[in-house]
Amino acid sequence: MDSDSNFRAMKKFILTPKYAFRVPVDAEAISPSKFDGMDAEAIRAIELWEGKRKVTLGTLFDVSESKVEGQNSSTHAEPKEEGPFIEILGDVSKVRRLGRGMTKGTIVLKGSGGLRLGEAMLGGRILIEGNVGPWLGSRMRGGTIEVFGNAGDKVGAPLPGGSEGMRGGTIIIHGNAGDEVGCLMTGGLIIVDGSVGQFVGYGMRGGDILVRGNSSGRLGASMKGGRIVVLGNCGSILPSFTILEIRPTVRIGEERIKGPFYLFQGDLNEGGSGRLFIAKASNPQLIALERYLEA
Amino acid sequence: MSLTIANCVCPFCGCCCDDIEVRVQDGRIIGTRNACALGASKFLGYNHDRLPYPTIKVGNEARSVSLDEAIRKAAEILSKADYPAVYGFGSTSLEAITAALDLAEDLGALADNVSTICHGPSLEAVQNIGEVTSTLGVVRHRADLIVYWGSNPLHSHPRHMVRYGPMAKGRFRNGRADRKLVVVDVRRTLTARMADLFLQIKPGTDFEILTALRAYVKEIDLEVEEVEGVSAERIEELAELMMGCRFGTLFFGLGLTMSPGRNRNVEAALALVRDLNALTKFTIIPMRGHFNVEGANSAFTWRTGYPFGVDFSHGYPRYNPGETTFVDALNRGECDAALIVASDPISHLPRKTSERLMEIPTVVLDPHITPTTMAAEVAIPTAQVGIEASGTAYRMDGVPLDLRKLVDPPPGILTDEDVLRRIHRYVSGESP
C-alpha cells in the first residue's frame, strides 16, 4: 500500500528440497519467527521429523542465504512484512505444519504445500503459488495467507477437540477449496475466488467468508454468528434457516458487492443468528422462498 | 461321539450373539444351533481356504518358510520403514489388538483400525456432540420405537431385529405388536418392507432430513413444504412418532457415516436424540459391522486416548482423522510398509488405495487366503479367534463377551496375539 516506504534490508533464505519426500516431514520449525537471528549454518542444524526419524533440516533442504532490498524481489510477492523472508523452491506437499505459529516475516512457496500450512499463525505473510492440503491456516489468529492454486478441506478449521477455528487474519484462495471452509471460525476473513465443497462455515460464530464461485450446499450448518456471502449457485438452503429480506448490496472486507442478495438467518436449531447472503441472480431455485417474505 | 458346546459367542457381526450351540466331533465343527446364516457359515466354513503355512515373497512367488523365518523377515521389514502402518483388527481378540498397539508404539508406526472405513465418522461425531446411549439389553426390554437409519439389519445383522429390535420379546415389551418400527433408507430394503413407517430419502440428503426433524422437535416453523423431496407432513409424522414414544432407539449404519457429510450426518443424529431427551427417553447406537471393531476402538482409546487413526511417529500418540488415518496416508503415498492383522483391505479399500498398498511391502496375519495375503511380502497364518482361540470381544454397544476356543488350530499355527508378541520381541532386539 505505502509503496514509497523504505524496507529495511532483511535476510532471505532459499530452501530447496534435496529429493522428493515420501514420508511426512514435520516442519513446524520452518518459520520466519524461528529463523530470526539465525544464519544458514544454524538453520541447517535445526531438527525436523521425517516419518519416525529425527533429521536435520540440512539433510532435507539446500539452504542458501541472501539479502533482500526493499522491493527488488523476483516474485510478485513483495516482502512487505518485517522479519526474515523464506523462499521455498519446489514441491513440499509432504511437508506439514510449515510456518506454524509464525508471528512475522514472509514465506513464499513456489510449488505445492502440504497439510496444516500456516497453522496457528499469528502474523506475517504466506504466499503459495501451487496447491495446498487440508487445514490451511488452521486456528489462525492473524496475518495473511494467499494461495494461487486450490486448497483442501477445512480451511481455518481447528483440529479434533478444538472448539475454535480461525480467529483473525485473512486467507485468500484464488482457486477452489474443499469442504468445511471456515469451520468453527470466530473472526477474520476468508475469500475463495473459485468454488467450494459442503458445509462452508460449519458452526461458525463470527468472521466473514466470501465465495465467488459455487458451493455444494449445507451452507452455515450449526452456525451461531458471522456472515457467509456466496456469489455462485449454492444448491439448497438448510431447513433450519429463515429468509429475512432481499438486500441490494453487501459489504465484505474492503469490497462492496452488488446484488441483489437473499438474506437468510440461522442456524435456528442452534439458536444462531448467522447470516447468509446468496446472490439472487445465480440461484433461481430459491425464488419459491420469496413468498415467505412479508410485504 | 459328538460334543455340544452351549453359549458360544458368534465371531461374525457386531451383534456378538452369545447363545450359539456348536456341535464338535473329532476336533471338527459339524453343526450349530441358533446361529443365523452368516454365523453358521463362519462356524462351519472356518476350514475353507486356509492359509496353510507362512510365506515370504521371492520375486512373484510366495515361498513357504518356517514361522521363525517369517517372523524375522516381518520384524526386519517393519523396523526398516520410516513410516510404517499397523492396520486391521475388526476380527481379532482384544488381547491381540493390545499386543499390536504395543508393537506399533515401539515401531513409531501409524496405528489404525477398520473403523476408519466404517464408523470412524461416528466416533468423531461422539467426540464433538456426546452420545445418549444404552446397551442392547435395555432396548430389548424397554424400547417401544425402533428406528433403523441407513442400515439393513435383515441382511447385515440378521438376528439383531429378533434379539434386540422390534421382534424381541423383552420384559416390558412383548414382541412386534408392542413396538413400532421405522426405517429411513434410500431404497426399499427387506427391513423397510417390515416397517410401520418407511421414509425413503434421496441419497446424500440425510443431513437435511435430520435437520428438519430437529427443527420440528424444537418447535421451529419449517418455511418449506418439502425437504429434499420429502414432504413436510411425512417429516412431521416421523417427528411426532419419535416425540410420542416412551422409549425410542435409533440404530444407524453406514448409510449415515459413509454418505456425503459423514461425521456431520452422525452429529445431526446425535443432536436429534439429545433434543428428543427433553421430551421422552431416546437412545442411539451405531450398527457396528465386525464382531470386535467396537473392541478395537475401546482398546485404542484406553491405550492411546484415541479410538482410531493414531500416529506414534513422534513417539507419542497423535490423532487427526484425515491426517493420521490409514486410507488417507496411503492415498498420499506416505506409508512405506504395513502390518495388516485380521483384515482384508485390498478387497475393501477403493481401487486406487489398494494399488498404493500393493506398492509397499506388507506383513499380513490372517487365518485365510485373501487378496491381501496373496499380495503380502510376508504372510503368516493364525488361529481363528472365537473358534480356535479364545479372547475378548466388545459387542456393538460396548459390552465385553468371552470368545471361546472350540477346536484346536492346525498344528504349528499360533494366535494373532502370540505372533504379534514374537514380532515385537524381534523388533526390540530380544531373542524371541
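In case you missed it, the structure is sitting above this.
Rules of the game
- Residues numbered from 1 in each chain as written.
- Chains lettered and ligands numbered in written order.
- Predicted model: local features only at pLDDT ≥ 70, side-chain atom pairs only at ≥ 80, totals over all residues.
- Heavy atoms only, no water.
- Helix = DSSP H or I, 4+ residues; strand = E, 2+ residues; numbered from the N terminus.
- Expected span 1.5 Å × (residues − 1).
- Buried < 20%, exposed > 50% of the residue type's maximum accessible area, 1.4 Å probe, protein only.
- Salt bridge = Lys/Arg side-chain N within 4 Å of Asp/Glu carboxyl O.
- Contact = heavy atoms within 4.5 Å.
- Buried area = accessible area lost by both parts, 1.4 Å probe.
- Polar contact = N/O pair within 3.5 Å; in protein donor to acceptor, adjacent residues only side chain to side chain.
- Disulfide = S-S within 2.5 Å.
- Pairing = 2+ DSSP bridges.
- Core = buried A, V, L, I, M, F, W, Y, C linked by side-chain atoms within 4.5 Å.
- Axes fitted to C-alpha atoms, helices over the stretch in contact; angles between N-to-C directions.
- Phe/Tyr/Trp six-rings, centres within 6.5 Å; stacked < 30°, edge-to-face > 60°.
- Lys NZ or Arg CZ within 6 Å of the ring centre and 35° of its normal.
- Arc of directions from axis to C-beta.

Visitor: Please give an account of helix α9 (residues 206-217) of chain B that cites residues and values.
Guide: Residues and elements named next belong to chain B. Here α9 contains 12 residues, and its C-alpha end-to-end distance of 16 Å stays within 8% of the 16 Å for a straight helix at 1.5 Å per residue. In terms of burial, α9 is a largely internal element, 11 of the 12 residues being buried. Those residues of α9 that sit buried are D206, F207, E208, I209, L210, T211, A212, L213, R214, A215 and V217. Positive phi shows up at E219, right after α9, with a value of about 60 degrees.

Visitor: Mind laying out unusual backbone geometry, listing which residues take part and the relevant values?
Guide: With glycine set apart, most residues show a phi of negative sign, and most peptide bonds adopt trans. Residue and element names in this part refer to chain A. Backbone torsion omega between G259 and P260 reads 5 degrees, so that peptide bond is classified as cis. Mapped onto the secondary structure, P260 falls in strand β16 (residues 255-266). That bond from G266 to D267 is cis: its omega, -5 degrees, falls within 30 degrees of zero. With respect to the element layout, D267 can be found in the loop between β16 and β17 (274-279). One non-glycine residue with positive phi stands out, namely W135, at about 60 degrees. Unlike most non-glycine residues, S222 shows phi in positive territory, near 60 degrees. Inspection of the secondary structure assignment puts S222 in the loop between β13 (208-211) and β14 (227-230). Its relative accessible area of 12% is what places S222 among the buried residues.

Visitor: How would you explain the pattern of salt bridges if you had to name every residue and give the values?
Guide: A complete count under the given rule lists 48 salt bridges over all chains for this structure. Put simply, A:R53 and B:D82 hold a salt bridge, and the shortest N to O gap is 2.5 Å. You can see A:R53 sitting in strand β4 (residues 53-56) and its partner B:D82 sitting in the loop between α2 (67-80) and β6 (84-88), one on each of two chains. We classify A:R53 as partly exposed; its relative accessible area is 33%. A salt bridge links B:E334 to B:R332; its shortest N-O distance comes to 3.0 Å. Residue B:E334 is classed as buried on the basis of its relative accessible area of 1%. The exposure class of B:R332 is partly exposed, given its relative accessible area of 21%.

Visitor: Explain the interface of chain B and chain A residue by residue, including any values.
Guide: When the parts of a complex come together, some accessible area is lost, and that lost area is often used as the size of the interface. Residue-level contacts link 46 residues of chain B with 36 residues of chain A. By the criterion of area lost to chain A, the three top residues of chain B are B:E223, B:R264 and B:H314, representing 21% of everything that side buries. Put simply, chain B and chain A have 26 residue pairs in polar contact (both at pLDDT 80 or more) between them. Those elements that place two or more of their residues in the side of chain B that touches chain A are α2, α9, α12 (263-276) and β16 (318-319) of chain B. Ranked by residues supplied to the side of chain B that touches chain A, first place goes to α9(B) with seven residues.

Visitor: Tell me about the state of the cysteines, residues and numbers included.
Guide: Residues and elements named next belong to chain B. In the structure shown here, the tally under the stated rule is zero disulfides over all chains. Left unpaired, C15 is separated from the closest cysteine sulfur, that of C13, by 3.8 Å. Taking relative accessible area as the criterion, C15 reaches 1% and is therefore assigned buried. Considering cysteine sulfurs only, C13 is the nearest to C118, which forms no disulfide, with 13 Å between them.

Visitor: Report on the pairing of strand β18 (residues 362-366) of chain B, specifying residues and quantitative values.
Guide: Residues and elements named next belong to chain B. With five of five residues buried, β18 is to be regarded as a mostly interior element. Bridging between strand β17 (residues 337-341) and β18 involves four bridges; their strand directions are parallel. In the strand pairing of β18, L339 is matched with V363. By the bridge criterion, four bridges tie β18 to strand β19 (residues 378-381) in an arrangement that is parallel. When the sheet's bridge partners are listed, L365 is paired in β19 with I380.

Visitor: Describe in detail the nonpolar core, supporting the description with residues and values.
Guide: In terms of nonpolar packing, the biggest core is built from 107 residues, with A:I30 and A:L136 touching the most fellow members. Among the elements that make up this core, the one with the highest residue count is α12(B) (seven residues). Ignoring any residue separated from it by four or fewer positions in sequence, one finds A:L136 in contact with A:L117, A:I128, A:I145, A:V147, A:A151, A:K154, A:V155, A:G156, A:I171 and A:I173. With 40 residues, the next largest nonpolar core counts B:I71, B:A81, B:L107 and B:V378 among its residues.

Visitor: Tell me about the sheet that holds strand β3 (residues 28-33) of chain B, residues and numbers included.
Guide: All names here are of chain B. Sheet architecture is open: three strands sit in the order β1-β2-β3, paired in antiparallel fashion. Each end of this open sheet is capped by a strand with a single partner; those strands are β1 (2-8) and β3. Here the average twist between neighbouring strands, direction ignored, is 25 degrees. As judged from the five bridges shared by β1 and strand β2 (residues 20-25), these two strands associate in the antiparallel manner. In the strand pairing of β2, L3 is matched with V24. Along the sheet, helix α1 (residues 37-44) makes contact with β2 and β3, crossing β3 at roughly 165 degrees.

Visitor: Please provide a residue-by-residue account of the sheet that holds β18(B), values included.
Guide: Residue and element names in this part refer to chain B. Spatial ordering of the open sheet is given by β5-β4-β19-β18-β17-β6-β7-β15-β16, a layout of nine strands whose pairing is mixed. On the outer flanks of this sheet lie β5 (61-64) and β16, each paired with one strand and no other. In this fold α2 packs onto β4 (55-58), β6, β17, β18 and β19, with an angle of close to 135 degrees to the strand it touches most, β19.

Visitor: Outline the packing of aromatic side chains, listing residues and values.
Guide: In this description, an aromatic ring pair is defined by two values, namely the gap between the centres and the angle between the planes. One pass over the structure, following the stated rule, counts 12 aromatic pairs over all chains. Taking 5.5 Å as the distance between ring centres and 25 degrees as the angle between the ring planes, the aromatic pair formed by B:Y148 and B:F251 counts as stacked. Here the residue B:Y148 occupies a position in strand β8 (residues 145-149), and B:F251 occupies one in strand β13 (residues 247-252), the gap between them amounting to 103 residues. When sorted by exposure, B:Y148 lands in the same class as B:F251, which is buried. Ring plane angle 45 degrees and centroid distance 6.4 Å describe the contact between B:W302 and B:Y394, whose orientation is recorded as tilted. Of this pair, B:W302 sits in helix α13 (residues 293-304) while B:Y394 sits in strand β20 (residues 391-394), and the two are 92 residues apart along the sequence. Using a relative accessible area of 48% as the deciding quantity, one classes B:W302 as partly exposed. Overall, the relative accessible area of 16% leaves B:Y394 in the buried class. Ring pairs connect the aromatic residues A:Y19, A:F21 and A:F61, which therefore count as one cluster. In this structure, B:R264 is placed above the aromatic ring of A:Y202, and the distance from its NZ or CZ to the ring centre is 3.7 Å.

Visitor: Hey, could you go over helix α18 (residues 416-427) of chain B for me, with residue numbers and the actual values?
Guide: Residue and element names in this part refer to chain B. For α18, built from 12 residues, the straight-helix expectation of 16 Å at 1.5 Å per residue is met to within 8% by its first-to-last C-alpha distance of 16 Å. Every buried residue of α18 is accounted for by D416, V419, L420, I423 and H424. For α18, the angular spread of the buried residues around the axis is 140 degrees, confining them to a single face. The elements touched by buried residues of α18 are α2, α3 (94-107), β17, β18 and β19.

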